[in-house]
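# Structural description and commentary
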Amino acid sequence: MKNFNRIVTRELSVVFRSQSEFVYPLAFFIMVTSMFPLAVTPEPAQLAFIAPGVIWVAALLSLLLSLNAFYQSDFQDGSLEQMLLAGVSGSLIILAKAFANWIVTGLPLVLIAPIIGVLLNLELQANMIAMLALLIGTPSLCLIGAIGINLTVGLRNGGVLLTLLVLPLFIPILIFGASAVEAASIGKNYSGQLAILAAILILSLMLAPFAAAAAMKISID
Amino acid sequence: MWNWFFQLASPKWFYTIARKVTPWLSVLMYSLMLAGLVLGLIFSPADYQQGNTVRIMYIHIPAAYMSMMIYVIMAVAGAIGLVWRMKMAHIVSVSCASIGAMFTALALLTGAIWGKPTWGTYWVWDARLTSELILLFLYLGFMALHSAYDDKKAADKASAVLALVGVVNIPIIHFSVEWWNTLHQGATLSKLEKPSMDTSMLWPLLIMIVAFKLYFVVTLFHKIRGEILLREKQASWVKKLVADSKQ
């Protein structure tokens with residue numbers, strides 16, 4: 001637990017000393033979502049119809065973009081290797097890093113989503129549910145993404161490959177996240193989808209750190 | 001008792017056995033495939049609703065079946081390679097990938113061809129079709145990851161981890177896609193409503209499934225032999241083999 005706190009504190013202080021790189025995913029989220037009214041239609045009813053999907057796809061992509069900043073430099077300058085050598089377990093490092101990743105990228109997405117929802121004409125209740133679904137869903141994205149980034153972190157063209165590896169694994173979260181918002185916007189029951197998102201979170205909390213730690217050791221070797 | 005298991009781990013032993021067995025398996029595979037195709041395409045009856053288009057089933061169902069089976073084999077072989085550090089297991093796992101991707105693409109393609117006359121469209125976002133498409137993405141990711149590493153050992157281990165993550169995810173993806181589909185639309189055209197299959201159609205189908213399995217084994221052995229030669233090119237037995245074959 002002490003090590004967990006130390007790593008999280010370290011990650012957060014790295015973030016606050018070099019802000020710019022960590023703001024990009026958030027700016028990306030806002031910009032991508034505002035492209036859709038321009039590309040599809042500014043008509044309010046249509047916008048509300050596509051809003052759940054747009055918000056979730058943009059959230060997936062911006063989380064994918066954020067992964068690199070958390071693992072690349074630590075891998076290259078040998079910090080990850082030193083942490084492992086110091087006897088910290090790999091899965092604990094992953095857990096702490098994924099938590100810091102969520103605080104820095106996931107949480108701001110959750111907070112800014114209602115504003116995007118208003119821009120896309122999503123009504124109040126659906127907007128709140130979108131926020132709740134993102135709150136439960138984004139931590140799983142950080143954990144699953146950690147597996148992908150640790151598999152590709154040592155490669156030259158890791159960026160595009162990361163997308164290929166991770167997006168198929170994000171699909172269940174995308175489906176249940178977007179359908180919760182959709183159900184809320186047409187007045188249906190949405191608790192089932194949220195419960196499954198929570199179940200996916202528990203499952204990825206249990207399994208993803210081990211897989212990502214194994215991947216990290218392979219990349220370092 | 002474990003002797004055969006350790007022998008299996010030796011590339012040289014595997015190479016010699018695979019070389020001896022492959023011709024026999026090929027003969028069996030070709031005769032079964034011929035029998036299955038003749039029975040399926042000529043002697044089996046046409047469907048009372050779909051007519052002759054139903055005959056694509058004899059390719060489509062075995063291909064779809066193989067696409068899923070091969071992914072599981074690939075993941076299990078990868079896990080064996082990770083746990084027991086067995087060279088051969090990684091070779092099997094890696095050789096599976098492109099064959100599996102080929103079967104998945106074949107299943108999607110024949111499905112699209114079958115879909116046009118029966119459903120009136122090449123593609124619907126039905127649960128099964130979507131899961132099959134995602135399976136293709138998983139195969140492509142595996143192959144891309146393996147080829148991105150310069151170091152073969154690291155490539156083997158990394159792609160084995162990915163295959164295991166994928167195999168845990170496949171049931172979740174399948175379940176979620178099914179849920180998503182039923183949320184959007186009720187009963188679709190997708191479930192083919194036919195009475196339980198007649199034996200005149202069942203037999204050719206079963207023969208074709210066995211033939212496709214043999215085809216997989218034969219192709220796998222070919223790929224494994226190539227992979228072994230490539231990886232063991234410094235070994236004395238490979239050098240001797242190449243020198244002998246030149247004469």
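Just so you know, these numbers come straight off a predicted model, no measurement behind them.

## Notes on the overall build of chain B
- When helices and strands are tallied, chain B shows eight helices and zero strands.
- For chain B, the N- to C-terminal ordering of α and β elements is α-α-α-α-α-α-α-α.
- Along the first, second and third principal axes, the C-alpha set of chain B runs to 60 × 40 × 35 Å.
- Out of the 247 residues in chain B, the part that is buried amounts to 36%.
- Long-range pairs, those at least 24 residues apart, make up 79% of the contacts in chain B with a sequence separation of at least 6.

## Some remarks on the overall build of chain A
- A count of helices and strands for chain A gives eight helices and zero strands.
- If you list the helices and strands of chain A from N to C, you get α-α-α-α-α-α-α-α.
- On C-alpha atoms alone, chain A measures out to a radius of gyration of 18 Å, which is about the 17 Å that the 2.2 N^0.38 rule sets for 221 residues.
- Each principal axis of the C-alpha atoms in chain A carries an extent, and together these give about 55 × 35 × 30 Å.
- Here chain A, with 221 residues, has 48% of them falling under the buried criterion.
- Across chain A, contacts joining residues at least 24 apart in sequence account for 81% of those joining residues at least 6 apart.

## Things to note about the packing of helix α3 (residues 44–76) of chain A against helix α7 (residues 158–185) of chain A
Residue and element names in this part refer to chain A.
- Relative to each other, α3 and α7 sit at 150°, their axes nearing to 9 Å. Pair α3 / α7 crosses with right-handed handedness. Contact residues: Ala48, Pro52, Gly53, Trp56, Leu60, Leu64, Leu67 and Asn68 in α3; Gly159, Leu162, Thr163, Val166, Phe170, Leu174, Gly177, Ala178, Val181, Glu182 and Ser185 in α7.
- Of the residues contributing to the contact of α3 with α7, the split by class is twelve nonpolar, six polar and one charged.

## Quick notes on the confidence of the model for chain B
Residue and element names in this part refer to chain B.
- Chain-level pLDDT for chain B is 86 on average; 90% of the residues reach the 70-or-more range.
- Counted against residues more than four places away or in other chains, residues 184–195, with its pLDDT under 50, gives seven contacts.
- On the interface metric, ipTM, the complex scores 0.88, and its pTM is 0.89.

## A few points about the interface of chain A and chain B
- Facing the 20 residues of chain A at the interface are 23 residues of chain B.
- Among the secondary structure elements, those contributing two or more residues to the side of chain A that touches chain B are α6 (124–152), α7 and α8 (191–220) of chain A.
- The element that contributes the greatest number of residues to the side of chain A that touches chain B is α7(A), accounting for ten residues.
- Within the side of chain A that touches chain B, the residues separate by chemical class into 17 nonpolar, two polar and one charged.

## Regarding the packing of α6(A) against α8(A)
Residues and elements named next belong to chain A.
- Between α6 and α8, the shortest axis-to-axis distance is 7 Å and the interhelical angle comes to 20°. By the criterion of interaxial angle, the relationship of α6 to α8 is roughly parallel. As α6 packs across α8, the resulting crossing turns out to be left-handed.
- Residue composition of the contact of α6 with α8, grouped by class: 20 nonpolar, five polar and no charged.

## Quick word on the environment of Val76(B)
All names here are of chain B.
- You can see Val76 is positioned in helix α3 (residues 57–84).
- Exposure remark for Val76: the 17 C-beta atoms within 10 Å place this residue in the partly exposed category.
- Along the sequence, Val76 and Val92 sit 16 residues apart, while their C-alpha atoms lie 9.9 Å from each other.

## Quick word on the nonpolar core
- The biggest cluster of nonpolar side chains holds 128 residues, and the ones touching the most others in it are Ala215(A) and Val161(B).
- What Val161(B) contacts, discounting residues up to four positions off in sequence, is Leu151(A), Ala211(A), Ala214(A), Ala215(A) and Ile218(A).

## Let's talk about α8(A)
- Between its terminal C-alpha atoms α8(A) stretches 42 Å, which fits the 44 Å expected from 30 residues at 1.5 Å a residue.
- The largest bend along α8(A) measures about 35° and falls at Leu207(A), with the proline Pro209(A) one to four residues further on.

## Section: the environment of Leu124(A)
- Relative to the elements of secondary structure, Leu124(A) occurs in helix α6.
- Judged by the 11 C-beta atoms lying within 10 Å of it, Leu124(A) is exposed.

Cut-offs used in this document
Residues numbered from 1 in each chain as written. Chains lettered and ligands numbered in written order. Predicted model: local features only at pLDDT ≥ 70, side-chain atom pairs only at ≥ 80, totals over all residues. Helix = DSSP H or I, 4+ residues; strand = E, 2+ residues; numbered from the N terminus. Buried ≥ 20, exposed ≤ 12 C-beta atoms within 10 Å, placed from the backbone. Contact = placed C-beta atoms within 7 Å. Rg over C-alpha atoms; globule rule 2.2 N^0.38 Å. Axes fitted to C-alpha atoms, helices over the stretch in contact; angles between N-to-C directions. Left-handed = near helix turned anticlockwise from the far one by under 90°. Nonpolar A, V, L, I, M, F, W, Y, C, P; charged D, E, K, R; others polar. pLDDT = per-residue confidence, 0-100. Parallel < 35°, antiparallel > 145°, perpendicular 65-115°, else oblique. Core = buried A, V, L, I, M, F, W, Y, C linked by C-beta atoms within 7 Å. Expected span 1.5 Å × (residues − 1). Bend = angle between axes of the 7 residues up to and from the residue.

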